[in-house]
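So you can see what is in the structure, the chains are spelled out below.
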Amino acid sequence: MRRCRCFRSLALVLAALVLAVACKNRSKTADVAAGGDSQAVGPNANAQPSQALNQTLTIPEGTTLQVRLLDPIGSATDTSGETFRATLDAPVVVNGAVAVPRDANVTGKVLVARSSGHLQTPAELVVTLTSLEAGGSSYEILTSDDRWRARSHKKRNAELIGGGAAVGALVGALVGHGKGAAIGAGIGAGGGTGTAYATGKKDISFPAETRLSFVLRRPVALPIGG
């Protein structure tokens with residue numbers, strides 16, 4: 001009878017130990033599972049946006065930017081250092097993806113604006129692009145410049161002045177013989193110079209909606225989705 005009681009007590013003790021070990025293992029398993037989920041959600045959730053923010057799309061050097069003027073520009077109406085507005089006339093595509101859409105805002109700068117002189121100074125206009133808008137942000141860019149220089153009208157003016165002097169001399173000779181020829185030549189020369197002043201000024205100008213092309217001289221990095 002005493003032996004039966006001992007066996008029963010031992011069985012109860014063993015059962016209690018087994019139950020305690022099982023509960024402990026179950027608790028550890030639950031903690032590990034909870035910890036794994038926490039690590040999977042927390043760090044990954046934080047890492048994904050960080051990776052997205054660090055990703056960029058680079059527009060390579062040598063890319064052509066086709067723009068359409070919003071502001072007119074001209075050698076006689078602008079001064080060196082002035083800025084002008086334009087928009088992209090075609091999207092900028094990199095590796096088959098649109099990096100910057102058509103109609104994105106662009107800013108340009110007048111590097112040289114020289115009005116035509118009356119007798120010998122030809123008009124000159126030089127412009128470049130300085131910034132590009134993408135995703136609501138403005139990015140500084142470096143591009144080639146477009147330049148125009150009017151043909152020198154010095155030779156043409158000389159022909160006009162010389163022609164006027166010759167005609168004046170002929171008229172003077174017919175009216176006043178020798179002395180009249182000298183006076184007529186002077187009048188004719190003055191008339192020729194006046195013609196040069198009237199016809200010699202040829203400035204360079206481009207109205208709004210004019211299309212121009214520039215080439216990037218250094219790459220531009222844009223944030224993806226930015």
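Residues numbered from 1 in each chain as written. Predicted model: local features only at pLDDT ≥ 70, side-chain atom pairs only at ≥ 80, totals over all residues. Heavy atoms only, no water.

**Let's talk about the overall build of the protein chain**
Stated precisely, the cut-off is as follows: The helix count covers DSSP runs of H or I at least four residues long, the strand count covers runs of E at least two residues long, and both are numbered beginning at the N terminus. Accessibility here uses a 1.4 Å probe with only protein chains present; expressed as a share of the type maximum, an area under 20% marks a residue as buried, one over 50% as exposed, and anything in between as partly exposed. We call two residues contacting when some pair of their heavy atoms lies within 4.5 Å. Working definition of accessibility: Shrake-Rupley area with a 1.4 Å probe, residue cover restricted to the visible protein chains.
Helices and strands together make up the secondary structure of the protein chain, namely two helices and 13 strands. Taking all 226 residues of the protein chain together, 28% fall into the buried category. Contacts in the protein chain between residues at least 24 apart in sequence constitute 65% of all its contacts with a sequence separation of at least 6. Roughly 14,300 Å² of accessible area belongs to the protein chain as shown, and the carbon and sulfur atoms make up 59% of that amount.

**Points about unusual backbone geometry**
For Asp103, which is not glycine, the phi torsion reads 75° and is therefore positive. Its location among the elements puts Asp103 in the loop between strand S6 (97-100) and strand S7 (105-114). Assessed through its relative accessible area of 41%, Asp103 is described here as partly exposed. Positive phi values are uncommon outside glycine, yet Glu209 reaches one of about 80°.

**Points about the nonpolar core**
The following threshold applies: Buried Ala, Val, Leu, Ile, Met, Phe, Trp, Tyr and Cys residues that are joined via side-chain atoms within 4.5 Å together make up what is termed a nonpolar core.
Residues Ile59, Val67, Ile73, Leu88, Val100 and Leu125 are the most contacted members of the largest nonpolar core, which totals 32 residues. Residue assignment for this core shows that the elements contributing at least two residues are strand S2 (64-69), strand S4 (83-88), strand S5 (92-94), S6, S7, strand S8 (124-134), strand S12 (211-215) and strand S13 (220-223). The leading source of residues in this core is S8, at five residues. Excluding residues that lie within four positions of it along the chain, Val67 makes contacts with Ala86, Thr87, Leu88, Asp89, Val106, Leu129, Thr210, Arg211, Leu212 and Phe214.

**Observations regarding the packing of aromatic side chains**
Test applied: Classification of ring pairs uses Phe, Tyr and Trp, with its six-membered ring standing for Trp, and accepts pairs whose centres are within 6.5 Å; under 30 degrees between planes counts as stacked, over 60 as edge-to-face, and the remaining range as tilted.
Taken as a whole, this structure holds one aromatic pair when the rule is applied. Here the aromatic rings of Trp148 and Phe206 are separated by 4.5 Å at their centres, their planes lie at 50°, and the arrangement is tilted. Placement of the pair is Trp148 in strand S10 (residues 145-149) and Phe206 in strand S11 (residues 205-206), with a sequence separation of 58 residues. Residue classification places Trp148 among the partly exposed positions, given a relative accessible area of 22%. For Phe206, a relative accessible area of 17% corresponds to the buried category.

**Some words on the confidence of the model for the protein chain**
Keep this limit in mind: By definition, pLDDT measures how confident the predictor is in each residue, and it falls between 0 and 100.
Averaged over every residue, the pLDDT of the protein chain is 73; the share at 70 or more is 52%. In the predicted structure, residues 36-52 sits below a pLDDT of 50 and forms two contacts with residues beyond four places in sequence or in another chain. Counted against residues more than four places away or in other chains, residues 155-200, with its pLDDT under 50, gives 38 contacts.

**What to know about the side chain of Thr63**
Applied cut-off: Counted as a polar contact is a pair of N or O atoms within 3.5 Å, where, for protein atoms, one must be capable of donating a hydrogen and the other of accepting one, and residues adjacent in sequence contribute only when both atoms are in side chains.
In this fold, Thr63 is placed in the loop between strand S1 (56-59) and S2. One polar contact links the side chain of Thr63 to the main-chain carbonyl oxygen of Pro60, over a distance of 2.7 Å. With residues near it in sequence (within four places) discarded, Thr63 still touches Val92, Phe214, Val215 and Leu216.

**Some details on the side chain of Thr87**
Tracing the backbone through its elements, the reader meets Thr87 in strand S4. Leaving out residues up to four positions away in the same chain, Thr87 has contacts with Gln66, Val67, Arg68, Leu70, Asp103, Ala104, Asn105 and Val106.

**Let's talk about the environment of Leu222**
Mapped onto the elements of the fold, Leu222 is located in strand S13. Overall, Leu222 belongs to the buried group, its relative accessible area being 5%. It is 5.2 Å that separates the C-alpha atoms of Leu222 and Leu57, two residues lying 165 residues apart in sequence. The contacts of Leu222, once residues within four sequence positions are left out, are Thr56, Leu57, Ile59, Ala99, Val100, Ala134 and Tyr139.

**Some details on the pattern of salt bridges**
Heads up, the rule is: Any carboxyl oxygen of Asp or Glu that lies within 4 Å of a side-chain nitrogen of Lys or Arg is treated as forming a salt bridge with it.
What the rule picks out here adds up to eleven salt bridges. Close ionic contact of Asp89 with Arg68 constitutes a salt bridge, the shortest N to O distance being 2.8 Å. Taken together, the residues Asp89 in the loop between S4 and S5 and Arg68 in strand S2 connect sequence positions 21 residues apart. Given the relative accessible area of 12%, Arg68 is considered buried. Where Arg102 meets Asp89, a salt bridge forms, and the shortest distance between an N and an O atom there is 3.5 Å. Placement of Arg102 in the loop between S6 and S7 and of Asp89 in the loop between S4 and S5 is noted, with a sequence separation of 13 residues between them. One network of salt bridges, in which partners are shared, links Arg68, Asp89, Arg102, Asp103, Glu209 and Arg211.

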